[in-house]
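Close look at the chain arrangement
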Amino acid sequence: MNEQINGALFKQMILHGAAAITAQKQAINDLNVFPVPDGDTGTNMSMTIGAAATELNKTSPASIDQAASITASALLRGARGNSGVILSLLFRGLSKGLKGQESAGAQVFAAAMQEGVSSAYKAVMKPAEGTVLTVSRLAAKRAVEAAAKEADLEAVLEAALQEGREALAQTIDMNPVLKKAGVVDAGGKGYLLILEGMLAALRGEPLPEMAGEAEKPKADFEVFSAEEITFAFDTVFIVRKSAPDISLEPLRTYLNSIGDSLVIGEDDEAFKVHVHTNIPGSALTEAQKYGTLELAKIENMRTQYEDVAAGKKAQSVDDLEMEEAASAAPVAPEKKYGFLSVCAGDGLAAVFRDLGTDGVVSGGQTMNPSTESILEGVEQIPAETVFILPNNGNIIMAAQQCAGLTEKNVVVIPTKTVPQGITAMMNVDFDAPDPQTITSAMTDSLESVVTAQITYAARDSDFDGFAIKEGDYLALEEGKLFGTDGSLEMLLEKLAADASARGASFISLYFGADVSEDDAKKAGELFERLCPSAEVAVLSGGQPVYYYIISME
C-alpha cells in the first residue's frame, strides 16, 4: 500500500510509463487514424515521454515537485506530433498541481491529474471528444472521486485506469473517423499504457520487457485516402519567449485560421506549437513575433499516409536525424564560403557537388526536410558563410529559419527548382570579395532559366481548366500546369516546341528514377531535332516523382 509519492518514486513511475508505451509503440501506430491517418502516434508518444525518462535518469530529484518539473520541461521540448504535445500538456498541468510539494498523497496527486487535463483542454483550440482528451478527463475525474474515499494511491490509479479503459472502448463510437476504421483512439490507448506503467512502479513491479508484441488490432488504412487530409504539413516548433508574460492568444487565433489540430504548450521561458497547415512557413514567421525560433520540424502527412497504406514505414525527419546524429557537431570554419543544396536523387546530388556544393540535404517534392535537418547540414560545412539553395518553394521558409540558429552567416538563395539551383551554382565566383557579390550573382541568374517538370496524375481532377485523368502524364512549367496527355512522348514534344519558341540556347534534361537511359536518350534526340540551334544535354538525375526535370536557358 502506497500513501505518498516522493521524488524518487515519481521518477520510477515515469521510467516505467516510458518503458510500457515503448514496448507497444507499434501496436499504437497501427491504431492511428485520427486526426490524420499517418501511423505515428505510438512513436511520437514513446519518444516524447522518453525525453523525460532521459532527463530524469541524469538526476536524483529530492521532491515530487522537482521530479514533475523536470518531466514537464523535458516533455515540452521533446514533444512530437499532436499526441506528444497533448501528453506534454497533461504532465505540465500535473507539474503545476504538484508545485511546492515534497511528496503527494492520493488527493493531491488526483487533483494534479485533473489540473493536467484542464491544461490540455485549454491549450487545444478545438478539443475533439473520443480522443486522449476524453480518456484522460474521465480517468482523472474517477481518480478524484476515488481519492476522496481512499488513501491508497494504487487503488486510486487502478480506479482511474478502469474508468479510462471504459472510456477508451467508447471512443470508437464517439468519433466517426475511428468508427470508419474500426479501432479505438490511439492516443487514448497510449496514455493508458503510460498510466499502467506508472501503477506498476507503485506496486514495485519490474520494468516491462522489450519482447516481441502479440498480434494487435490494426486500423484499416485503406478506407481512407490522402485527399481526406485537409492540411498536409505536420508542423512543430519551439520558440523562446521574448517576455515571460507575453500573451499567445493572437498567435493562437492566427494559427487556427490557417490550419487545425492546434496545440500550444508553454512555460515561462518558451512555448511549443503543434499545428497542421498547408503553409508551415507562414506559421513559423508569425511565431517569431513572440520570440526566437529554436527548433522546427515539418512533415508531409499525405505522403506519410500513402506509405502506411502501402504497407511501408512512414517517412519521417526523425530518420534523417538518426542517420546524421553521429556527425551533427558543428564544424569549425576553414574557408570563407560554403554551399548547401537540397535535392532528391543521386544524379542531381552529384551535379551539385561537381558544381562546388559542399553538402546536400535529401529532400524535395513530397519530402520537405525540417529546419533542424537543414541546420545540421549547415553546421557540417566548414565555412564562415553558408549559402543554402532550397530548390523548392516549400523549403525556402524552413531554410530561412537557420539564420538565427547558428553562429555561421547563413544566406538563403530563393531557388524554387533544381534547375534554378544549378544555374545559381554555375554563376558563383568562389573568390568573390564578399558574400553580397555572390548573393547578387546567384539571385540575378534565376531569371534566366525556365523549368519544366513531368510527373503523373494520382487521381481524376480539374485543374487550371484541364480535365485530368488518373494515370495521365502532367507537364508543369514554372510551377503552372502546361499540359496533360496519356503519352509521355507527346508531352515531351510539346515542351520541346515551347523551348524552341522561347529561343532556348541551353537545354538540360534530368531523367528520373523511373526512366530508362534509352528512353532518356530518345527524349534528348527529340529536343535536338525540334531545337536545332540549342545545346542539349541529357543527364541522370535519379529523382523520384518527376520523370523529367528540364532546364531551358
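The model shown is predicted, which means the values in this text are computed figures rather than measured ones.

1. Side note on the overall build of the protein
The helix and strand tally for the protein stands at 21 helices and 16 strands. Looking at the protein residue by residue over its 553 residues, the buried ones come to 55%. Accessible surface for the protein amounts to roughly 23200 Å². Of this, 49% is attributable to carbon and sulfur atoms.

2. Re the environment of Ala-520
Inspection of the secondary structure assignment puts Ala-520 in helix α21 (residues 517-530). Judged by relative accessible area, which is 0%, Ala-520 ranks as buried. Put simply, Ala-520 and Tyr-547 are 27 residues apart on the chain and 9.5 Å apart in space, counted from C-alpha to C-alpha.

3. Thoughts on the pattern of salt bridges
As enumerated under the stated definition, the model contains 14 salt bridges in all. Here Asp-358 makes a salt bridge to Lys-335, at a shortest N to O gap of 2.4 Å. Of the two residues, Asp-358 sits in the loop between α15 (346-354) and β6 (359-362) while Lys-335 sits in strand β5 (residues 335-343), which places them 23 residues apart along the sequence. Linked through salt bridges whose partners overlap, the residues forming this network are Glu-158, Arg-165, Glu-196 and Arg-203.

4. Describing the packing of aromatic side chains
Tallying each qualifying case throughout the model produces 4 aromatic pairs. Arranged with centres 5.5 Å apart and planes meeting at 75°, the rings of Phe-339 and Phe-430 form a pair that is edge-to-face. Placement of the pair is Phe-339 in strand β5 and Phe-430 in the loop between α18 (418-426) and α19 (435-445), with a sequence separation of 91 residues. Classification of Phe-430 as partly exposed rests on a relative accessible area of 39%. Ring geometry for Tyr-473 and Tyr-547: centres 5.4 Å apart, planes at 65°, overall edge-to-face. You can see Tyr-473 sitting in strand β12 (residues 473-477) and its partner Tyr-547 sitting in the loop between β15 (535-540) and β16 (548-552), a full 74 residues away along the chain. Three or more aromatic residues joined by ring pairs form one cluster here, namely Tyr-337, Phe-339, Phe-387 and Phe-430.

5. Remarks on helix α3 (residues 41-56)
Given a rise of 1.5 Å per residue, 16 residues ought to cover 22 Å, and the 23 Å separating the end C-alpha atoms of α3 matches this to within 8%. Along α3, the residues classified as buried are Thr-41, Gly-42, Asn-44, Met-45, Ser-46, Thr-48, Ile-49, Ala-52, Ala-53 and Leu-56.

6. Brief notes about a negative patch on the surface
On the surface, Glu-489, Glu-517, Asp-518 and Asp-519 cluster together to form a negatively charged patch. The element best represented in the negative patch is α21, accounting for 3 residues. For Asp-519, the location among the structural elements is in helix α21. When its relative accessible area of 39% is taken as the criterion, Asp-519 is described as partly exposed.

7. Describing the sheet that holds strand β3 (residues 270-277)
Strands sit in the order β2-β3-β1-β4 across an open sheet of 4 strands; the sheet is antiparallel. Each end of this open sheet is capped by a strand with a single partner; those strands are β2 (259-266) and β4 (291-300). Strand-to-strand, the axes of this sheet are offset by a mean angle of 15°, without reference to chain direction. Sheet topology places strand β1 (residues 233-241) next to β4; 9 bridges connect them, and they run antiparallel. What sits directly across from Thr-235, in β4, is Ile-298. Helix-sheet contacts for helix α11 (residues 249-258) involve β2 and β3, and the interaxial angle to β2 is about 155°.

The rules we used
- Residues numbered from 1 in each chain as written.
- Predicted model: local features only at pLDDT ≥ 70, side-chain atom pairs only at ≥ 80, totals over all residues.
- Heavy atoms only, no water.
- Helix = DSSP H or I, 4+ residues; strand = E, 2+ residues; numbered from the N terminus.
- Buried < 20%, exposed > 50% of the residue type's maximum accessible area, 1.4 Å probe, protein only.
- Areas by Shrake-Rupley, 256 points an atom, 1.4 Å probe, with all protein chains shown as cover.
- Salt bridge = Lys/Arg side-chain N within 4 Å of Asp/Glu carboxyl O.
- Phe/Tyr/Trp six-rings, centres within 6.5 Å; stacked < 30°, edge-to-face > 60°.
- Expected span 1.5 Å × (residues − 1).
- Patch = residues over 30% accessible without salt bridge, like charges linked within 9 Å, V, L, I, M, F, W, Y side chains within 5 Å.
- Lys, Arg positive; Asp, Glu negative; His and termini not counted.
- Charge placed at Lys NZ, Arg CZ, Asp CG, Glu CD.
- Pairing = 2+ DSSP bridges.
- Axes fitted to C-alpha atoms, helices over the stretch in contact; angles between N-to-C directions.
- Contact = heavy atoms within 4.5 Å.

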